[in-house]
Amino acid sequence: MGVSRTSAIWAVIWPSLRGDPEIIWSFIPFTLSVKPMDQDLRMTSLLTYTFKNLPSTSQWALRFSMRPLSCSSQLRVAAAVQTKSKQTLAKPNIRNIVVVDGVRTPFLLSGTSYKDLMPHDLARAALSGLLHRTSVPKDVVDYIILGTVIQEVKTSNVAREAALGAGFSDKTPAHTVTMACISSNQAMTTAVSLIASGQCDVVVAGGVELMSDVPIRHSRKMRKMMLDLSKAKTLGQRLSLISKFRLNFLSPELPAVAEFSTNETMGHSADRLAAAFAISRLEQDEYALRSHSLARKAQDEGLLSDVVPFKVPGKDTVTQDNGIRPSSLEQMAKLKPAFIKPYGTVTAANSSFLTDGASAVLILAEEKALAMGYKPKAYLRDFMYVSQDPKDQLLLGPTYATPKVLEKAGLTMNDIDAFEFHEAFSGQILANLKAMDSDWFAQNYMGRKAKVGSPPLEKFNIWGGSLSLGHPFGATGCRLVMAAANRLQKEGGQYGLVAACAAGGQGHAMIVEAYPK
């Protein structure tokens, strides 16, 4: 009920809100007087009032439009003079844990070249690609962990099936984890914990998602009838059950990217979040264009080195992501709102798209990696998981996780050389940037004395992000970590910060430290 009332009210006031910020402030007394159960509307009005003193919409739009493609060149110049004077994050009596390398299949729009595959096919391809890239002996791997979100019932433990298919020893245990969009993050940090505790020395972590073939269930009534029929012992019992059949039993249950606790789609939540932080449609389109433009530039320059070719059975070899499509602001402006109609600001162009893909990384104890002759790419250092209100703060995981992981590592935002944040929606990214740069939000919602600060755009997702590269739910975390590690190696930086939001109002952040050259 709260969602429908909010949508109706926003539909009435949205045209004025988009055009005149002063009307937003005048709307506050009304929103503050709504019933307590309308928490989403109260949150929106409070946050909108808060950000009156932050940079205006036009200033933010200018910020994003003025620095779209110059980031990489600026960083290359800076890297030439940068020295590694920062202290390492190694801790006494704790094993150093390193990532040797990581790979991923090309991330493809769902319904394209991977549409006839199963999830374990993609996961097997990522694991095989990792074996080929690293030449790690299969029998040396102690454990395999993969993340996934929408499970194929035939291969519920997809990690085990993919590992066997890739030729790993049948003596190597494997399990599958699920934590929405941070499932492969959980796979990696579980690997870190296994190694840190001394249980393992060599772990493969990764993730997979195949949105081209998601499970579509019969209705509950139909399922019950089919189960009862399988138990019926006589013809009379079967005929009695069949007589109860109704045509509406055939209505399928379609999957949706929606919160179980709130019954709200993630896109609807992103639209409300953008409104709460006064982020315009233009700003969101500009950020999306930035992501696609930087991804195309990185792809053309061969910077996306974690991508490994995949020969699709019966089809051609896929060599690169196919969702990178720089457009123009004029073309993007023609698209209609995807969730809150007709006045929402989240569209297909400024949202991440449904994606098929898989990823895998090789994680070892440092002493083991060196004994095997490897030159690691990065250390995996401190990490943090957070959770908050899934109704009004569903997508603010990076805002909550970032200051906590920085404090845990003894770092500040100024110490970070490469930021890699998951881009679910343009509005989600921009809302997090504003929240991180707000003392009021830190004090009133996070219980902190001061803001952590917003990442500088010249260090932020400069090889593209999920909006352009794609977002296979269970595989994105490994892509983020490898993007940070590869950027640090190329740019000469020392610390990277990976962060992501996830369904359920959860989030994750991790510090990645470049391995000394």
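Up top is the structure.
Being a predicted model, the structure only gives us computed values, none of them experimental.

Undergrad: Looking at this structure, how should I read the side chain of Asn350?
TA: Along the chain, Asn350 falls in the loop between α13 (329-333) and β8 (355-365). The exposure class of Asn350 is buried, given its relative accessible area of 0%. A distance of 3.1 Å separates a polar atom in the side chain of Asn350 from the backbone oxygen of Thr345. Here Thr347 takes part through its backbone nitrogen, which lies 2.8 Å from a polar atom of the side chain of Asn350. When near neighbours in sequence (up to four residues on either side) are disregarded, Asn350 contacts Arg281, Gln284, Asp285, Ala288, Thr345, Phe425, Ser426 and Leu467.

Undergrad: It is not clear to me how the side chain of Thr155 should be interpreted in this structure. Could you clarify?
TA: Position of Thr155 among the secondary structure elements: in the loop between β3 (143-147) and α7 (158-165). When near neighbours in sequence (up to four residues on either side) are disregarded, Thr155 contacts Met118, His120 and Glu161.

Undergrad: When you look at the pairing of β3 in this model, what are you seeing that I'm missing?
TA: Most of β3 is tucked away, with 5 of its 5 residues classed as buried. The alternating pattern of β3 places Tyr143, Ile145 and Gly147 on one face and Ile144 and Leu146 on the opposite face, and all of these are buried. Sheet topology places β3 next to strand β4 (residues 174-177); 4 bridges connect them, and they run parallel. Following the sheet pairing, Leu146 is matched in β4 by Thr176. Of the crossover connections in this fold, the one passing from β3 over α7 to the parallel β4 is right-handed.

Undergrad: Would you mind showing me how to read helix α6 (residues 119-134) here?
TA: At 3.6 residues per turn, the α-helix brings residues three or four places apart onto the same side. When the terminal C-alpha atoms of α6 are compared, their 23 Å separation across 16 residues agrees well with the 22 Å that a helix rising 1.5 Å per residue should span. With 12 of its 16 residues buried, α6 lies for the most part within the structure. Buried residues belonging to α6 abut β1 (97-104), β3, α7, β5 (202-210), β6 (310-311) and β8.

Undergrad: Honestly, the packing of aromatic side chains in this entry has me stumped. Any pointers?
TA: Ring pairs (aromatic) are described by centroid distance and by the angle formed between their planes. A complete count under the given rule lists 11 aromatic pairs for this structure. When the centroid spacing of 6.2 Å and the interplanar angle of 50° are considered together, the rings of Phe277 and Phe441 count as tilted. With Phe277 in the loop between α11 (266-276) and α12 (281-300) and Phe441 in helix α17 (residues 439-445), this residue pair connects regions lying 164 residues apart in the sequence. Judged by its relative accessible area of 0%, Phe277 is buried. With 6.1 Å between their ring centres and 75° between their planes, Phe383 and Tyr385 make a pair best called edge-to-face. An aromatic cluster of at least three residues, connected via ring pairs, comprises Phe277, Tyr400, Trp440, Phe441 and Tyr445. Cation over ring: Arg104 sits above Phe107, and NZ or CZ is 4.4 Å from the ring centre.

Undergrad: Hey, could you run me through the pattern of salt bridges in this one?
TA: Pairing is possible between side chains of opposite charge, provided their charged atoms come close. Across all of its chains, the model carries 22 salt bridges by this definition. Taking the shortest distance from any N to any O, the salt bridge between Lys91 and Asp382 comes out at 2.7 Å. With a gap of 291 residues between them, Lys91 in the loop between α5 (71-81) and β1 and Asp382 in strand β9 (residues 378-387) connect regions that are remote in the sequence. Put simply, Arg95, Asp201 and Glu367 are held in one network by salt bridges that share partners.

Parameters at a glance
- Residues numbered from 1 in each chain as written.
- Predicted model: local features only at pLDDT ≥ 70, side-chain atom pairs only at ≥ 80, totals over all residues.
- Heavy atoms only, no water.
- Helix = DSSP H or I, 4+ residues; strand = E, 2+ residues; numbered from the N terminus.
- Buried < 20%, exposed > 50% of the residue type's maximum accessible area, 1.4 Å probe, protein only.
- Polar contact = N/O pair within 3.5 Å; in protein donor to acceptor, adjacent residues only side chain to side chain.
- Contact = heavy atoms within 4.5 Å.
- Pairing = 2+ DSSP bridges.
- Right-handed = clockwise from strand over helix to strand, strands pointing away.
- Expected span 1.5 Å × (residues − 1).
- Phe/Tyr/Trp six-rings, centres within 6.5 Å; stacked < 30°, edge-to-face > 60°.
- Lys NZ or Arg CZ within 6 Å of the ring centre and 35° of its normal.
- Salt bridge = Lys/Arg side-chain N within 4 Å of Asp/Glu carboxyl O.

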